Every structure is written in C-alpha cells, then in structure tokens.
Amino acid sequence: MIAADALVSYGSVARFQDVKRVFKVNDQAILGTGGDFADFQSIQRSINDKMIDDICHDDTISLKPKSLYNWLTRILNNRRNKFEPLWLDMVVGGIENGEPFLGHVDLRGRSYEDDIIATGFGKHLALPIIREQIVEGRPFTQEEATNLIKKSMEVLFYRDCRALSRYYVAVCTAAGANVSEVQKVNQNWEVATVVRGYS
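The model shown is predicted, which means the values in this text are computed figures rather than measured ones. (Residues numbered from 1 in each chain as written. Predicted model: local features only at pLDDT ≥ 70, side-chain atom pairs only at ≥ 80, totals over all residues. Heavy atoms only, no water.)

**A look at the sheet that holds strand 5 (residues 29–35)**
One open sheet holds the five strands; their spatial order is 4-5-6-7-8, and the pairing between them is antiparallel. The open sheet is flanked by strand 4 (22–26) and strand 8 (111–113), the only strands paired with a single partner. Neighbour-to-neighbour, the strand axes of this sheet turn through a mean angle of 20 degrees, independent of strand direction. Across seven bridges, strand 6 (residues 88–96) lies against strand 7 (residues 99–105) in antiparallel orientation. (Pairing = 2+ DSSP bridges. Helix = DSSP H or I, 4+ residues; strand = E, 2+ residues; numbered from the N terminus. Axes fitted to C-alpha atoms, helices over the stretch in contact; angles between N-to-C directions.)

This is the structure:
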C-alpha cells in the first residue's frame, strides 16, 4: 500500500487540491511520489511509454516492481550526475514472484528496500506510529495496513499545516493493483477548545 495526499503546492500556495500522486503502473507494480510534480509527470510519461512497448511486444513479459525500482534508480542517478536532478522522492511497491516489494528512490538516485517506507514529514511522524504496531515475525494484514494508513494520514494532516485532508491509496496484491477513490481524514477539532497560550 502506498498513500499520498491530493495536494500539489506552488510555493506556499495550495494550488491543486485533487491530484493523484500515486498510480498503478501495471497489475504488479504501483508508484507514489513526493517532490516536484512536473518531474513526476515526466517520469510517468516515460513509464507509460515502457508499458506501451510491453504491450507492442506481446510476449507476456511485463515490468516488475524490482525492475522499475532499479530503472528509476539509474534514471535519477544519471540526472544527478548531469547536475539536472529530478526533484523527486519516490516509493515503488508491488508483488514479484508472490513476494511483496517496497523500495525508495530519492533525487540523488540513492535507494533502499524495506517493509515500511515514508517520505517527507511522514518519516518523522508516520514511521513511529507504524513501528509501534509491528509484531516481530508477523506481517500486517490488509485491514491492519489500511487502518495504519488512515491513522498516519490523520496525524500528518493535523501536524502539517501544508497537508490536505484528502488522499489516495494505491494497493497491490497478488490479485492485481488499483488506486482507491479519494479518501478523507476523519477530522475532530474538539481538542482545540482546551489549547491555551495561542491567539
């Protein structure tokens, strides 16, 4: 599962408020991003071109998540070496040979794989919430993962003044991949009445 809010900002202006920053690559791979949205659109076009090539070859071979992850690592590293970086923080997920895969690639082409990945403000706030729920030797169920994403997006919305209350979730299972309809944070501002010292 990969989640991202639906906001694209122009500086400090919340310019576009219904943008999918997660998308389905194919039935085996999903992708999410933070950073410059124009750079993401450029990468997305390149990935779509690769998908069209796969269809044209008609050889039943499709792009797998690890291959996509390695390709993005090379692309971003190459752009960094040219001093023309793509300002992106990307998460690649999917199912390969029946096993889940999750990898992170940043604007310098640095990459790593893990069971849990967060970017931006989520590194500081969402990761601790998720790590508290880890039971050693047991992966999350889909329901547990969904609830953790809801909780994480709620905390991020409350704590980040630049966040949006709407978000999308991309899910990849052995049955295929899809991107959800827009989800909304359950807001509760009753606690604001007890806050003192701010005007």
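So much for the structure itself; the text now carries on.
**Considerations on a nonpolar patch on the surface**
A cluster of nonpolar side chains, Val191, Val194 and Val195, forms an exposed patch at the surface whose accessible area comes to about 270 Å². Along the chain, the position of Val191 falls in the segment after strand 11 (183–184). We classify Val191 as exposed; its relative accessible area is 52%. (Patch = residues over 30% accessible without salt bridge, like charges linked within 9 Å, V, L, I, M, F, W, Y side chains within 5 Å. Areas by Shrake-Rupley, 256 points an atom, 1.4 Å probe, with all protein chains shown as cover. Salt bridge = Lys/Arg side-chain N within 4 Å of Asp/Glu carboxyl O. Buried < 20%, exposed > 50% of the residue type's maximum accessible area, 1.4 Å probe, protein only.)

**Remarks on helix 4 (residues 142–159)**
Two residues of an α-helix separated by three or four positions point the same way, owing to the 3.6 residues in each turn. Look at helix 4: 26 Å from first C-alpha to last across 18 residues, which is about the 26 Å you get at 1.5 Å a residue. Tucked inside the fold, the buried residues of helix 4 contact strand 1 (2–5), helix 3 (122–132) and strand 9 (166–173). (Expected span 1.5 Å × (residues − 1). Contact = heavy atoms within 4.5 Å.)

**Some words on the pairing of strand 6**
Taking burial as the measure, the nine residues of strand 6 include nine buried ones, the bulk of the element. Burial along strand 6 is two-sided: Leu88, Met90, Val92, Gly94 and Glu96 and Asp89, Val91, Gly93 and Ile95, pointing in opposite directions, are all buried. Where strand 5 lies against strand 6, seven bridges are found, and the strand directions are antiparallel. Paired with Ile30 across the strands is Gly93, a residue of strand 6.

**Things to note about the packing of aromatic side chains**
Summed over the entire model, instances satisfying the criterion amount to four aromatic pairs. Arranged with centres 5.7 Å apart and planes meeting at 70 degrees, the rings of Phe23 and Phe40 form a pair that is edge-to-face. Placement of the pair is Phe23 in strand 4 and Phe40 in helix 1 (residues 37–57), with a sequence separation of 17 residues. With respect to class, Phe23 is no different from Phe40; both count as buried. Following the ring pairs from residue to residue traces out a cluster consisting of Phe23, Phe37 and Phe40. (Phe/Tyr/Trp six-rings, centres within 6.5 Å; stacked < 30°, edge-to-face > 60°.)

**Thoughts on the nonpolar core**
Soluble globular proteins tend to pack their nonpolar side chains together in the buried interior. By size, the foremost hydrophobic cluster in this structure holds 22 residues, and its most contacted members are Val25, Leu31, Leu68, Leu72 and Met90. Looking at this core, the elements that each hand over two or more residues are strand 4, strand 5, helix 1, helix 2 (65–81), strand 6 and strand 7. For this core, the element with the highest residue contribution is helix 1, accounting for five residues. Those residues in contact with Met90 that lie beyond four places of it in its chain are Leu31, Gly32, Thr33, Phe40, Ile43, Leu72, Leu76, Gly103, His104 and Val105. By size, the runner-up hydrophobic cluster in this structure holds 15 residues, among which are Ile2, Ala6, Ile95 and Cys172. (Core = buried A, V, L, I, M, F, W, Y, C linked by side-chain atoms within 4.5 Å.)

These values are about where atoms sit, not about what they do.
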